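# Structure at a glance
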Amino acid sequence: MLSPNSTFYPRPLGVTPAASLPQSPSAPLETSRQLVASDERDAPYFRSLEEVGIRLNGPQISAVRHGKGPLLTLAGAGCGKTTVLAARAGYLMEVSGAHAGSILLVTFTNKAATEMKDRIASLPGIRPAAARAVQARTFHSFALTLLRHYGVQEEIFGESRAQHTVLKMLLRQNGMSEAFQPESLLAMLSAWKMQGSETSDLPEKSQEERDAKRVLLGYEAWKRDRNKMDFDDILLRAAALLRDPAVLGPLQQRFQYIMVDEFQDTNSLQYEIVQKLAAAHRNLMVVGDDDQTIYTFNGARQESILEFDKVYPGARIVTLDINYRSDARILGLGSELVARNKRRRDKRLRAAGHRGDAPRFATPSNTEEEAAWVVNQLCQQVEEGLHTYRDIAILHRTASSSRAIFEQLVLKDVPFVQHGASPVFYDQSLIRPLMDHMRLSLNPRAVDALPSTLGPLYVSRDAGLEWIQRSEEQQAKKYPLIHLAKWDKLKPFQQEQVKERIKLIKSLTKLKPVIAIQEMRRQFYDKYMESGDPSIFTHYKETMLETLDEFEAAAKKFETVEEFIQFADELSRRHREMESLRRSQDSDAVQLMTIHRAKGLEFPCVYWIGASEGIVPHSTALRQDIPEDQKAALTVQQTDAELDMALEEERRLAYVAITRAKQYLYITSPASHHGKPADVSRFLLEAFGMEVPDKRKKREESQTGNHASYGSVSSNWKGNGNTNGKANSNESRTRNGNAAYARSCSRLQGRDAVSPVQRGADQRSAIRQSDRRDFEVLDERDEDRLSERRGSGVIRNHTAFSTTGVNQAASSSNSSGSQSSGTERTETVAIWKCSSSTCKAWLRQKPDGPSAKVSKKTASGPPACPLCSGTMEAGTRKVPVTGRFGR
């Protein structure tokens, strides 16, 4: 059962109450009205902007006024870069006298290009003809226009499903149907082309590389024979065209002023195009934020910003550091978090946005409870009129990590739009074969379930279905799949494999769904999905395994295969009914998307889910935390430098998630992920001044006998300069206000609830008496009086817990009070325990005595079980002595 009520706190689990909430400084109030004197030459232009409500701040004015030469404009999140780009285009025309047709403004999306054109057209004094003459285009639009001008007439072949179909056909023709995944081949080809390389130059050192190259050369030949080109071809061919001086010269002469938006997202090929166009005059203005470089998997290069002034010596650098989007505390959290990156340009954003609420944090036990908490709370917010559905965005790291929240939204009839939506989780191509095996166990003649089961048998889908259909017409079978056992095109061992697969299918209906999935993975599916060269397709395999682990996690809450299949089918049906919302731009619906897709967007209220170790930062960036003997078994080895770079990109991803929020931000960190314990994301803890140890160094220390264990007094804690010399507690403890965390631990361990102090008794350090008294005051307060009711949910100032992998140290002046890590002292206390034999929930009763306060929840008898809502009964339990109520 799930805990029905979420509890959000002002600090993440593991952060001491002494740690201050990060907050950005307030920005100065001066705008162009005060900063541009009336007697200055360009004052009329700025006065005209002010009349239509555009009041630029100091850094914005500096960027808009820039004339000739290279300019790097560092634009922090929400700092008005689009306004600056449009205003500078107007300034060049109105003040500098530049011809509108000499301005080229390049960005990445059609939406951004259209918005840029509209902004320029709305500027005062800009004639419609001049606004149309400004070339505001995407990279692909500019490149395609260039190709068309020089007679290239190939048709655009850009639909990914059609590309996959062609590659599957080529794989079958080459006898490699099961060797490679089309999406992996296309990703490899795209990365290769975006380096400016031709397909004919693909590597061919190993047999797998030679096979992949043969298929991809076939793909290029297929396009060429049909007069087609894809999006990568457009850029590649345009860059080749610009290497001709006869083509490049006229373009350099025409475009005297070049501006590039989202510069941190440019890849090598796009940067090459920009550099060639600007080479003659160097009038290049680039706008971007190295802290938002999150597309390196698409070829984006952070070095473009970090090394711009080296490529263009003497370049001016202007930093747009006034944020108009977020509450100062939301902005402060993001700024403190990303400041831990080493490869970045130093900047600190200042806040000028509307005041909202401080960020709130929760630690549900798992993703199922996380989804229930989030959906329950956002529904409450809408009911109370605090938000509309369209005000709310839910951001997640990967596609598979949205499964639980997706199900809760559908089942509770919450209108939502899933951006970049793939099918329902259970209908994904990776999951569908396993679902269909279970469908066949319920109904062996389920025709729709047959096609996806043929691939894992290494049988051609089209030919195999045709044989089954012909055989069925002659003699129908209870299990139509059995016809393959007599197909002469299959080898004897394949025919025997078909029989064994049918035996497995028959057995699935008797198993719990999670056991059925594990058995299928063990017997054939993992091996089937892991075909191909691991050195090429490691990323796909990691995504695949993550999705399959999520599939198992989803199945755990079902007792029978039939119940599981019915749930998945109902989910698909209800999702189809809601698909119409996607086609309506103005629909009142929650926005569900990955953090990558959210970049450039903003929302009044943001829920960032999955802020736990292994999710954000993703497990692929945490390989430095893997013991050396396990790391050696990885298919692809990465250097420490590569892992550090990957971790920094994960930190930038967290920064992007946080800075999407305008007024309300809720961050959830599930305590388990795919059945394994998960700590709160190190990024959140670091933002509050806590040091997360490098496990590589810890292993080195342990090998030399220096055992600096987690939570030891030799580790460091930084409290944002607000410690006042106090030591900070590293003692784990449970209290009524944190019952959810205790229940979380019990569910993770699969037994009666155990206080976190019992798990880490040998790693505790002392609490100064002054701090101990503060904790006792918190513990003795009535839970209802301790709660704050806000429109954003229930907020409690909870005691800090030690979190695995995080060091909170007492100062040396407190070391004399250290507690021995010897035998644990226990005491017997009165508790309320759930009367259900299947529920393990328990709550500690308040002690008798004059200082005890009776909770309103228990004054009239036992409380309702917080997990299953059943009745609770009195009992006793041995717990560690913590000194909370005296000894």
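Residues numbered from 1 in each chain as written. Predicted model: local features only at pLDDT ≥ 70, side-chain atom pairs only at ≥ 80, totals over all residues. Heavy atoms only, no water.

### With respect to the confidence of the model for the protein chain
- Scored by pLDDT, the protein chain comes out at a mean of 78, with 75% of its residues at no less than 70.
- Within the protein chain, helix α34 (residues 783–786) has the poorest average pLDDT of any element, 26, and strand β6 (residues 257–260) the best, 97.
- Residue range residues 703–824 is modelled with pLDDT below 50. Its contacts to residues more than four positions away, or to other chains, number 273 contacts.
- Long-range and interchain partners of residues 882–887, a stretch whose pLDDT sits below 50, account for 18 contacts in this model, where long-range means more than four residues apart. (pLDDT = per-residue confidence, 0-100. Helix = DSSP H or I, 4+ residues; strand = E, 2+ residues; numbered from the N terminus. Contact = heavy atoms within 4.5 Å.)

### Digging into unusual backbone geometry
- Cis rather than trans, the peptide bond between Val616 and Pro617 has omega equal to 5 degrees.
- Turning to its location among the elements, Pro617 is positioned in the loop between β15 (603–608) and α27 (628–631).
- With phi around 60 degrees, Arg282 is a residue other than glycine that occupies positive phi space.
- Relative to the assigned elements, Arg282 resides in the loop between α13 (268–278) and β7 (284–288).
- Its identity is not glycine, yet Asp413 carries a phi of approximately 55 degrees, on the positive side.

### Observations concerning helix α2 (residues 43–51)
- Buried within α2 are the following residues: Ala43, Tyr45, Phe46, Ser48, Leu49 and Glu50.
- In this structure, the buried residues of α2 make contact with α1 (32–35), α3 (58–65) and α4 (81–94).
- Two residues or fewer after α2 comes Gly53, characterised by a positive phi angle close to 90 degrees. (Buried < 20%, exposed > 50% of the residue type's maximum accessible area, 1.4 Å probe, protein only.)

### Here we look at the packing of helix α8 (residues 160–173) against helix α10 (residues 207–225)
- Closest axis-to-axis distance for the α8/α10 pair is 10 Å, and the angle between their directions is 125 degrees. Here α10 runs oblique to α8, going by the angle between their axes. As α8 runs across α10, the sense of the crossing is right-handed. Judged by residue contacts, Gln163, Val166, Leu167, Met169, Leu170 and Leu171 of α8 engage Val215, Leu216, Gly218, Tyr219 and Trp222 from α10.
- A breakdown of the residues in the contact of α8 with α10 according to their chemical character gives nine nonpolar, two polar and no charged. (Axes fitted to C-alpha atoms, helices over the stretch in contact; angles between N-to-C directions. Parallel < 35°, antiparallel > 145°, perpendicular 65-115°, else oblique. Left-handed = near helix turned anticlockwise from the far one by under 90°. Nonpolar A, V, L, I, M, F, W, Y, C, P; charged D, E, K, R; others polar.)

### A few points about the pattern of salt bridges
- With the rule as written, the count across this model stands at 54 salt bridges.
- For Arg432, the salt bridge is made with Asp436, and the minimal N-O distance between the two is 3.1 Å. Of the two residues, Arg432 and Asp436 both sit in helix α19 (residues 432–442), four residues apart, roughly one turn of that helix.
- A salt bridge links Glu552 to Arg521; the shortest N-O distance between them is 3.0 Å. With Glu552 in helix α24 (residues 534–555) and Arg521 in helix α23 (residues 513–529), the pair connects residues that are 31 residues apart, well separated along the chain. The same class applies to Glu552 and to Arg521, which are both buried.
- Here the salt bridges do not stand alone but share partners, grouping Asp289, Asp290, Asp291, Arg344, Asp346 and Lys347 into one network. (Salt bridge = Lys/Arg side-chain N within 4 Å of Asp/Glu carboxyl O.)

### A closer look at the sheet that holds strand β16 (residues 661–668)
- The sheet built from six strands is open, its strands ordered β11-β16-β15-β12-β14-β13 with parallel pairing. Lying at the two open borders of the sheet, with one neighbouring strand each, are β11 (360–362) and β13 (416–418). Sheet twist, expressed as the mean angle between neighbouring strand axes with direction ignored, is 20 degrees.
- The pairing of strand β12 (residues 392–396) with β15 spans four bridges and is parallel. When the sheet's bridge partners are listed, Ala393 is paired in β15 with Val606. (Pairing = 2+ DSSP bridges.)

### Some details on the sheet that holds strand β2 (residues 103–107)
- Taken together, the six strands give an open sheet; going across it, the order is β3-β2-β6-β7-β1-β8, and neighbouring strands pair in parallel fashion. Of all strands in the sheet, those with a lone pairing partner are β3 (135–138) and β8 (316–320), marking the two edges. When the angles between neighbouring strand axes are averaged without regard to direction, this sheet yields 15 degrees.
- For strand β1 (residues 71–75) and β8, the ladder comprises five bridges, and the chain directions are parallel.

### Observations concerning the packing of aromatic side chains
- Enumeration over the complete set of coordinates arrives at 26 aromatic pairs.
- Cluster of aromatic residues (ring-pair linked, three or more members): Phe425, Tyr426, Phe551, Phe558, Phe564 and Phe567. (Phe/Tyr/Trp six-rings, centres within 6.5 Å; stacked < 30°, edge-to-face > 60°.)

### Let's talk about the nonpolar core
- By size, the foremost hydrophobic cluster in this structure holds 82 residues, and its most contacted members are Ile120, Trp608 and Ile667.
- Tallying contributions element by element places α4 first for this core, with eight residues.
- The next biggest cluster of nonpolar side chains, apart from the first, holds 55 residues, and it includes Leu409, Leu430, Met435 and Val590. (Core = buried A, V, L, I, M, F, W, Y, C linked by side-chain atoms within 4.5 Å.)

### Points about the pairing of β1
- Among the five residues in β1, five count as buried, and that is most of the element.
- Because side chains alternate across β1, one face comprises the buried residues Leu71, Thr73 and Ala75, and the other comprises Leu72 and Leu74, equally buried.
- Judged from the four bridges that link them, β1 and β7 form a sheet pairing that is parallel. Note on β7: the bridge partner recorded for Leu71 is Met285.

### Concerning the pairing of strand β14 (residues 590–594)
- Within β14, five of the five residues are buried, leaving the element largely enclosed by the surrounding structure.
- Side chains Val590, Leu592 and Thr594 project from β14 onto one buried face, and the interleaved Gln591 and Met593 project onto a second face that is buried too.
- For β12 and β14, the ladder comprises four bridges, and the chain directions are parallel. What sits directly across from His396, in β14, is Thr594.
- By the bridge criterion, three bridges tie β13 to β14 in an arrangement that is parallel.

### A closer look at the side chain of Asn267
- Here Asn267 shows up in the loop between β6 and α13.
- Polar side-chain contacts of Asn267 include one of 3.1 Å to the backbone nitrogen of Leu269.
- Beyond its immediate chain neighbours, meaning those up to four positions away, Asn267 contacts Met194, Asn298, Gly299 and Ala300. (Polar contact = N/O pair within 3.5 Å; in protein donor to acceptor, adjacent residues only side chain to side chain.)

### A few points about the side chain of Gln252
- Looking at where Gln252 falls in the secondary structure, it is placed in helix α12 (residues 245–254).
- Among the residues examined, Gln252 registers a relative accessible area of 14% and is labelled buried.

### Some words on the environment of Asp211
- Following the sequence through the fold, Asp211 ends up in helix α10.
- The exposure class of Asp211 is buried, given its relative accessible area of 15%.
- Each C-alpha atom of the pair Asp211 and Leu171 lies 9.5 Å from the other, and the pair is 40 residues apart in sequence.
- When sequence neighbours within four positions are dropped, the list of residues in contact with Asp211 reads Met176 and Phe180.

### A word on the packing of helix α22 (residues 492–508) against α23
- For the pair α22 and α23, interaxial distance at closest approach is 10 Å and the crossing angle is 165 degrees. Between α22 and α23, the angle is such that the two are roughly antiparallel. In terms of crossing hand, the pair formed by α22 and α23 is right-handed. Here Arg501, Leu504 and Leu508 of α22 lie close against α23, whose contacting residues are Ala516, Glu519, Met520, Gln523 and Phe524.
- Split by residue class, the contact of α22 with α23 holds five nonpolar, one polar and two charged.

### Structural notes on α23
- Between its first and last C-alpha atoms α23 spans 20 Å; for 17 residues at 1.5 Å apiece the expected length is 24 Å, and the helix comes up short by more than 12%.
- By the largest-angle criterion, Arg522 marks the main kink of α23, which is about 65 degrees.
- The set of residues buried in α23 consists of Pro513, Val514, Ala516, Ile517, Met520, Arg521, Phe524, Tyr525, Asp526, Tyr528 and Met529. (Expected span 1.5 Å × (residues − 1). Bend = angle between axes of the 7 residues up to and from the residue.)

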